[in-house]
Amino acid sequence: ALWCVIMSLNPTRGCLLDLPWEDILVPHILCHLPLQQLLSLQRVSKSFQSLIQLYLANMRCFDSSQIGPAIPRAAFVNMLKDNEVLQQLALQNCCDWLTDQELLPVIGQNHHLHQIQLKGCAQLSRHALVAISLSCPHLRQLSLAHCEWVDSLSLRSLADHCKMLEAVDLTACRQLKDEAICYLVQKCSRLKSLSLAVNANVGDLAVEETAKCCPELEHLDLTGCLRVKNDSIRVLAEYCPKLRSLKVKHCHNVAESSLSILRSRGVELDVEPPLQRALVLLQDVVGFAPFINLQI
């Protein structure tokens, strides 16, 4: 960034801004600079401000983590107000203030998005997911982890309109039950990665339907899904030959008798060690082991 400034201010070596902006500067030079530095360049001159605004209007990827731990609401709105070509949108660093009011205009004018990251954006509403489903038909990856506002109706809208989905993270979306998950996997059979972790409402019905509808499934996270049992894991082993990893930590009703089938195929399993699992089960059944260190 400093080199760019020096070049632009040194007349004996030519002016950087004399290069074609849309053909050279934006696609071949500015794209290699961190977003935070680009925003700082706006303060150099009015010409640089215009150049950076042009870049922001044409960038394909916006990741809030590149700017810092917190982004002012007004800065976010200003950065994306003219952009209609975004393909990737990651807003996990905006979770403290991001609401429908800021997100919906961005979603509404960007119909080419194929990756959206909204992890922890708790102040949004179901209208955000409906807007995504209606505006982003090419969506392939979506993270809604810890977004408890996601409900069955908004998830149905997503399933009806975004059938190219390959990865969905619904970790701790606690309103969702088996029926909503079943509808999603029936409509989105291309899923390769699905997280249903930390959801006590998800059980065997959702897992079995996922197995039968998504033969391309490679990664499934069921961490903390207490209602999942051995039978659905066996169905998963039968219908998902491409499965590479399965997380069943804290699924106390899933035993080695079902996991051994997947283990023999080289599937990576995330599960408590046998001793820790036995101690947890003992504590659940008889209230024993309050003083035992379960981190063994």
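Residues numbered from 1 in each chain as written. Predicted model: local features only at pLDDT ≥ 70, side-chain atom pairs only at ≥ 80, totals over all residues. Heavy atoms only, no water.

**Q** Explain the overall build of the chain to me, please; I cannot follow it from the model alone.
**A** Helices and strands together make up the secondary structure of the chain, namely 13 helices and nine strands. Each of the 296 residues in the chain was classed as buried or not, and the buried ones make up 47%. Across the chain, every contact between residues at least 6 apart in sequence was considered, and the portion connecting residues at least 24 apart equals 70%. Summed over all atoms, the accessible surface of the chain reaches about 14500 Å², with 54% contributed by carbon and sulfur. (Helix = DSSP H or I, 4+ residues; strand = E, 2+ residues; numbered from the N terminus. Buried < 20%, exposed > 50% of the residue type's maximum accessible area, 1.4 Å probe, protein only. Contact = heavy atoms within 4.5 Å. Areas by Shrake-Rupley, 256 points an atom, 1.4 Å probe, with all protein chains shown as cover.)

**Q** Quick question: what am I supposed to make of the nonpolar core here?
**A** What tends to happen in soluble globular proteins is that the nonpolar side chains get buried as a cluster. Core analysis: the largest hydrophobic core is formed by 88 residues, its most contacted members being Phe 62, Leu 222 and Leu 246. Both domains that meet at this core, namely domain 1 (16-58) and domain 2 (60-282), each give it at least three residues. If near-sequence neighbours (up to four positions away) are discounted, Leu 222 is found in contact with Leu 196, Ala 197, Val 207, Val 228, Ile 233, Leu 246, Lys 247, Val 248 and Cys 251. (Core = buried A, V, L, I, M, F, W, Y, C linked by side-chain atoms within 4.5 Å. Domains from an automatic or database assignment.)

**Q** Is there a simple way to think about the packing of helix α9 (residues 178-187) against helix α10 (residues 204-213) in this case?
**A** Relative to each other, α9 and α10 sit at 5°, their axes nearing to 8 Å. The angle between the axes of α9 and α10 places the two elements in the roughly parallel class. Side by side, α9 and α10 meet where Asp 178, Ile 181, Cys 182, Val 185 and Gln 186 of the first sit next to Asp 204, Leu 205, Ala 206, Glu 209, Thr 210 and Cys 213 of the second. A class-by-class count of the residues in the contact of α9 with α10 yields six nonpolar, two polar and three charged. (Axes fitted to C-alpha atoms, helices over the stretch in contact; angles between N-to-C directions. Parallel < 35°, antiparallel > 145°, perpendicular 65-115°, else oblique. Nonpolar A, V, L, I, M, F, W, Y, C, P; charged D, E, K, R; others polar.)

**Q** Could you clarify how one ought to interpret the packing of helix α11 (residues 230-239) against helix α12 (residues 256-264) in this entry?
**A** The angle between the axes and the distance between the axes are what describe a pair of packed helices. In the contact formed by α11 and α12, the axes pass within 8 Å of each other and the chain directions differ by 15°. Between α11 and α12, the angle is such that the two are roughly parallel. The handedness of the crossing between α11 and α12 is left-handed. Counting all contacts with α11, which are made through Asn 230, Ile 233, Arg 234 and Ala 237, the residues of α12 involved are Ser 257, Ser 258, Leu 259, Ile 261 and Leu 262. Looking at the contact of α11 with α12, its residues break down into five nonpolar, three polar and one charged. (Left-handed = near helix turned anticlockwise from the far one by under 90°.)

**Q** Looking at this structure, I do not really get the packing of aromatic side chains. What am I missing?
**A** Here the distance between the centres and the angle between the planes together describe a pair of aromatic rings. Summed over all chains, the structure comprises two aromatic pairs. Through pairs of rings, three or more aromatic residues link up here, namely Phe 62, Phe 76 and Trp 97. Over the aromatic face of Tyr 183 sits the side chain of Arg 156, whose NZ or CZ is 4.0 Å from the ring centroid. (Phe/Tyr/Trp six-rings, centres within 6.5 Å; stacked < 30°, edge-to-face > 60°. Lys NZ or Arg CZ within 6 Å of the ring centre and 35° of its normal.)

**Q** Is there a simple way to think about the pattern of salt bridges in this case?
**A** Any two side chains of opposite charge can pair, so long as their charged atoms come close to each other. Enumeration according to the criterion identifies 10 salt bridges in this entry. Here Glu 148 ties to Arg 174 by a salt bridge, and the two come within 2.6 Å at their closest N and O atoms. Here the residue Glu 148 occupies a position in the loop between β4 (141-143) and α8 (152-161), and Arg 174 occupies one in the loop between β5 (167-169) and α9, the gap between them amounting to 26 residues. Residue Arg 174 is classed as partly exposed on the basis of its relative accessible area of 40%. A salt bridge links Arg 234 to Asp 231; the nearest nitrogen and oxygen atoms lie 3.2 Å apart. Note that Arg 234 and Asp 231 are positioned in helix α11 at a spacing of three residues, about one turn of the helix. (Salt bridge = Lys/Arg side-chain N within 4 Å of Asp/Glu carboxyl O.)

**Q** Honestly, unusual backbone geometry in this entry has me stumped. Any pointers?
**A** A negative phi angle characterises most non-glycine residues, just as the trans form characterises most peptide bonds. A positive phi angle, close to 65°, is found at His 146, a residue other than glycine. Mapped onto the fold, His 146 is located in the loop between β4 and α8. Despite not being glycine, Ala 172 shows a phi value in the positive range, around 60°. Tracing the backbone shows Ala 172 in the loop between β5 and α9. Note on Ala 172: relative accessible area 0%, which makes it buried.

Any link to function would need more than the numbers given here.
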